[in-house]
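Tertiary structure, described
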Amino acid sequence: MKDRKTQVENIIRLLHAEYPNSKCSLDFSNPFELLVGTILSAQSTDKRVNIVLPSLLAAFPDANAMANGTIEDIKEHIKSVGLYNNKTKQLKNMSQMIVDDFSEVVPDKMKHLVKLPGVGRKTANVVLGNAFGVPDSGITVDTHVIRMTQRMGLTTNNNAVKIEKDLMKIVPQVEWVDFTHLFIDHGRKICVKKPKCEECILISNCDQLY
Ligand code: SF4
């Protein structure tokens, strides 16, 4: 475990140096906006979501407005995003629960966020870490984090929740939010489907298991 901790500290240090401006790539100015953006980003790209967010949030700027919107009106704003039928229902139902159960305010606890329709640990971690700045919320495990941590030998699991638990044991808590952004940046650029190991700054800290 000590070696894995040292390995992960080296990886984080190198990635911070390589991607000094690494951050959440969804546009948002409050927790509700990030919650909406994160729900929309499933099976889509952050770039695509950032295109539809301005008009959607202009029409439905908060949970109350979204809960009172019609399915047809919400759908009209997001139909260029994948799975828009399901996501329309999730946005409306999620907003209704925020209105009914949380006094119209996005909750800032994991146990409350995961009760919202369409919100699992991954979405909750994104919102807690980036909109609320809660450092102990957990680690967002997306497809890049899964692929890279398996290749690096940081986990032997395939399940995202189990991988998150493995990572929480070895990643310093202060890095839990940045960790995901750094891995997404490196996963998009170098540790892609066919990894570019010969160009990779992490090669001496990676088990290259693929
Ligand atoms: S050395 Fe290869 S497998 Fe390891 S992180 Fe870099 S690109 Fe990915």
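Residues numbered from 1 in each chain as written. Predicted model: local features only at pLDDT ≥ 70, side-chain atom pairs only at ≥ 80, totals over all residues. Heavy atoms only, no water.

Let us look at the nonpolar core. If you look at the biggest cluster of nonpolar residues, it comprises 34 residues, and the most contacted ones within it are Phe32, Leu35, Val36, Leu40, Leu56, Leu91 and Met94. Broken down by secondary-structure element, the contributors of at least two residues to this core are helix H2 (31–41), helix H3 (46–59), helix H4 (63–68), helix H5 (71–78), helix H6 (84–101), helix H7 (110–113) and helix H8 (121–130). With six residues, H2 is the largest single contributor of residues to this core. Sequence-distant contacts of Phe32, that is, excluding residues within four places in its chain, are made with Leu57, Phe60, Pro61, Asp62, Ala63, Met66, Met94, Ser95, Ile98 and Val106. Ile139, Ile163, Ile170 and Phe183 belong to the second-largest nonpolar core, a separate cluster that totals 23 residues. (Core = buried A, V, L, I, M, F, W, Y, C linked by side-chain atoms within 4.5 Å. Buried < 20%, exposed > 50% of the residue type's maximum accessible area, 1.4 Å probe, protein only. Helix = DSSP H or I, 4+ residues; strand = E, 2+ residues; numbered from the N terminus. Contact = heavy atoms within 4.5 Å.)

Here we come to the domain arrangement of the chain. In terms of domain boundaries, the chain breaks down into domain 1 (2–23 + 141–205) and domain 2 (31–130). Summarising the inter-unit geometry, the C-alpha centres of domain 1 and domain 2 are found 27 Å apart. The interface is formed by seven residues belonging to domain 1 together with six residues belonging to domain 2. Buried area between domain 1 and domain 2, summed over both chains or domains, comes out near 470 Å², and the portion from carbon and sulfur atoms is 45%. Ranking the residues of domain 1 by area buried against domain 2 places Val141, Glu164 and Val177 at the top, with a combined share of 58%. Summed over the shared surface of domain 1 and domain 2, the number is two salt bridges. Put simply, domain 1 and domain 2 have three residue pairs in polar contact (both at pLDDT 80 or more) between them. Listing elements by their share of the side of domain 1 that touches domain 2, those giving two or more residues are helix H10 (160–170) and helix H11 (176–189). The dominant element in the side of domain 1 that touches domain 2, judged by the number of residues it contributes, is H11, at three residues. (Domains from an automatic or database assignment. Buried area = accessible area lost by both parts, 1.4 Å probe. Salt bridge = Lys/Arg side-chain N within 4 Å of Asp/Glu carboxyl O. Polar contact = N/O pair within 3.5 Å; in protein donor to acceptor, adjacent residues only side chain to side chain.)

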